[in-house]
Amino acid sequence: MTMTSSTRTDETADPRPAVSKVPPAGREGNRRPLARRARDWLTAFLFTVPGLILFTVFVIVPILYAGYVSLFNWGGFGSPSDFAGLDNFSRLFQDPVFLGDLWRGLLLVLLSLGLQLPFALAMAVLLNQKLRGRAVYRMLFFAPYVLSEVITGVLFSMIFAPDSGLADKVLGSVGLDGAGGLWFSGQNTVMATLFLVMTWKYFGFHMMLYLAGLQGVPPELTEAARIDGANAWQRFRHVTLPLLGPTLRMSVFLSVIGAIQLFDLVWVATQGGPDHHSETMAVTMFQFGFKRYQMGYASAISIVMFLISLVFAVIYQRYVLRRDTEGALTTMRGAR
């Protein structure tokens, strides 16, 4: 009798292993992640608000106000009252001086990309080698960038002064009197002279960018390519240049934006002359805004400059810099 009862008890027993049941989390357990997330968002908000306030006050508000003023014929005194609509913009694209500004800006961009940046890259590659005194050369080439645009403009205005300038005297001392000339004063030579000054002033900055990028190229890769039989050009073309891509793309972006907004160096050196042949959009804007007191028209020029820079920046970011920024963004939902 006892054995039968025991057998039945064993047969009816649940063969599945016992699983310990975890009690459901209470309200306090659900609140902790929410409280932590709210605290993270509050911290990010407190750190972001000061920057957003400064950006709004010094960037967004001036842009909006310039767009508002561009719709008026306003001299800069009192409140804008003579509403002109889009007349300033239609006048803008009928002005031969402004159309010339667009062409000269494009010319500076092309010259910078085609001559200035390759020259800076070549100097960076040269100074990345083991040369005696390369630190001194780096300092000398970077020194012009430290000088302000005002000092640079005044300096080269004296160097390229017709007849009495240092450039003409040096050429005359070596028997090249006819090679000198008007420099900043000639309509056919002013842009070439201006670009020469720009290259002297800014190529050191791009050279240092490229030097920093070259420091990040692993020497093991170039050594492996050399062992495989690649010559110096092949190592540079297929190893160094692709790894230098992010630095090159950022350098191109800065160069183009700088050429579009160029003002102070041109203003000090030539003031846009002779006969508007060295004017840029920024110089024309200054001329109309603070010399002729046509603030509405000058504001229209500033809006066009802003739109050109914005469109270029958005397109460049979308199609060129995207590969460099993918995966660089972080969220607050990372692992704790």
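Residues numbered from 1 in each chain as written. Predicted model: local features only at pLDDT ≥ 70, side-chain atom pairs only at ≥ 80, totals over all residues. Heavy atoms only, no water.

A. Molecular detail of the overall build of the protein. Secondary structure summary: the protein contains 15 helices and 0 strands in total. Relative to its full complement of 336 residues, the protein shows a buried share of 33%. For the protein, the accessible area works out to roughly 21,700 Å², and carbon and sulfur atoms hold 65% of it. (Helix = DSSP H or I, 4+ residues; strand = E, 2+ residues; numbered from the N terminus. Buried < 20%, exposed > 50% of the residue type's maximum accessible area, 1.4 Å probe, protein only. Areas by Shrake-Rupley, 256 points an atom, 1.4 Å probe, with all protein chains shown as cover.)

B. Structural detail: the packing of aromatic side chains. Within this structure, the stated rule accounts for 23 aromatic pairs. Where F77 meets Y293, the ring centres are 5.9 Å apart and the plane angle is 40 degrees; that geometry is what we call tilted. In this pair, F77 is assigned in the loop between α2 (27-69) and α3 (87-92) and Y293 in the loop between α13 (281-291) and α14 (295-319), connecting sequence segments 216 residues apart. With a centroid separation of 5.8 Å and an interplanar angle of 25 degrees, the aromatic rings of F156 and F160 are classed as stacked. As far as the burial class goes, F156 and F160 line up, both buried. An aromatic cluster of at least three residues, connected via ring pairs, comprises F156, F160, W183, F184 and W200. Sitting over the ring of Y297, R91 keeps its end group 3.8 Å from the ring centre. The ring of F288 has R292 lying over it, and the distance from NZ or CZ to the ring centre is 4.3 Å. (Phe/Tyr/Trp six-rings, centres within 6.5 Å; stacked < 30°, edge-to-face > 60°. Lys NZ or Arg CZ within 6 Å of the ring centre and 35° of its normal.)

C. Quick peek at the layout of surface pockets. When its volume is computed, the largest pocket comes out at roughly 620 Å³. In terms of residues, the lining of the largest pocket owes the most to one element, helix α10 (residues 232-243), which gives 5 residues. Of the residues contributing to the lining of the largest pocket, the split by class is 7 nonpolar, 5 polar and 5 charged. Its boundaries defined by the atoms lining it, the second largest pocket holds a volume of some 530 Å³. Lining the second largest pocket are 23 residues; nearest its centre among them are A66, M285, S302, I303 and F306. Contributing elements (two or more residues each) for the lining of the second largest pocket: α2, α13 and α14. Of the residues that constitute the lining of the second largest pocket, the class distribution is 19 nonpolar, 4 polar and no charged. (1 Å grid on protein atoms, 1.4 Å probe; cavity = no way out; pocket = protein on both sides within 12 Å on 5 of 7 lines; lining within 4 Å. Points joined across faces, edges and corners; volume = space filled by probe spheres on them. Nonpolar A, V, L, I, M, F, W, Y, C, P; charged D, E, K, R; others polar.)

D. A look at the nonpolar core. With 38 residues, the main nonpolar core has F160, F184, L262 and I301 as its most contacted residues. With 7 residues, α14 is the largest single contributor of residues to this core. When near neighbours in sequence (up to four residues on either side) are disregarded, L262 contacts L108, M198, Y202, T280 and A282. The next biggest cluster of nonpolar side chains, apart from the first, holds 14 residues, and it includes L121, F203, Y210 and L244. (Core = buried A, V, L, I, M, F, W, Y, C linked by side-chain atoms within 4.5 Å. Contact = heavy atoms within 4.5 Å.)

E. The arrangement of the confidence of the model for the protein in detail. Summing up the model confidence of the protein, the mean pLDDT is 86 and the portion of residues at 70 or higher is 87%. Segment residues 1-13 is flagged for pLDDT under 50; beyond a separation of four residues in sequence, or across chains, it makes 0 contacts in the model. (pLDDT = per-residue confidence, 0-100.)

F. Quick peek at the side chain of T284. With respect to the helices and strands, T284 occurs in helix α13. By relative accessible area, which is 1% here, T284 ends up buried. One polar contact links T284 to E279, side chain to side chain, over a distance of 2.5 Å. (Polar contact = N/O pair within 3.5 Å; in protein donor to acceptor, adjacent residues only side chain to side chain.)

G. Fine view of the packing of helix α8 (residues 190-215) against helix α11 (residues 245-260). Taken N-terminus to C-terminus, the directions of α8 and α11 make an angle of 165 degrees; their axes are 10 Å apart at the nearest point. As judged from the angle between their axes, α8 and α11 are roughly antiparallel. As for how α8 packs across α11, the hand of that crossing is right-handed. Judged by residue contacts, F205, H206, L209, Y210 and G213 of α8 engage T247, L248, S251, L254 and S255 from α11. Residue composition of the contact of α8 with α11, by class: 5 nonpolar, 5 polar and no charged. (Axes fitted to C-alpha atoms, helices over the stretch in contact; angles between N-to-C directions. Parallel < 35°, antiparallel > 145°, perpendicular 65-115°, else oblique. Left-handed = near helix turned anticlockwise from the far one by under 90°.)

H. Structural detail: the pattern of salt bridges. Inspection of the entire model under this criterion finds 3 salt bridges. The closest approach of N and O atoms between K201 and E149, which form a salt bridge, is 3.8 Å. Note that K201 is positioned in helix α8 and E149 in helix α6 (residues 149-159), a separation of 52 residues in sequence. When sorted by exposure, K201 lands in the same class as E149, which is buried. Put simply, E223 and R226 hold a salt bridge, and the shortest N to O gap is 2.4 Å. Here E223 pairs with R226, and both are found in helix α9 (residues 219-227), just 3 residues apart, close to one helical turn. We classify E223 as partly exposed; its relative accessible area is 34%. (Salt bridge = Lys/Arg side-chain N within 4 Å of Asp/Glu carboxyl O.)

I. Structural view of helix α7 (residues 166-173). Taken as a whole, α7 has its buried residues at A167, D168 and L171. Across the axial projection of α7, the buried residues extend over an arc of 95 degrees, all falling on one side. Structural note: α7 exposes L166, K169 and S173 on the side pointing more than 90 degrees away from its buried face. Of the surrounding secondary structure, the elements contacted by the buried residues of α7 are α6. Immediately beyond the C-terminal end of α7, within one or two residues, lies G175, with a positive phi of roughly 80 degrees. (Arc of directions from axis to C-beta.)

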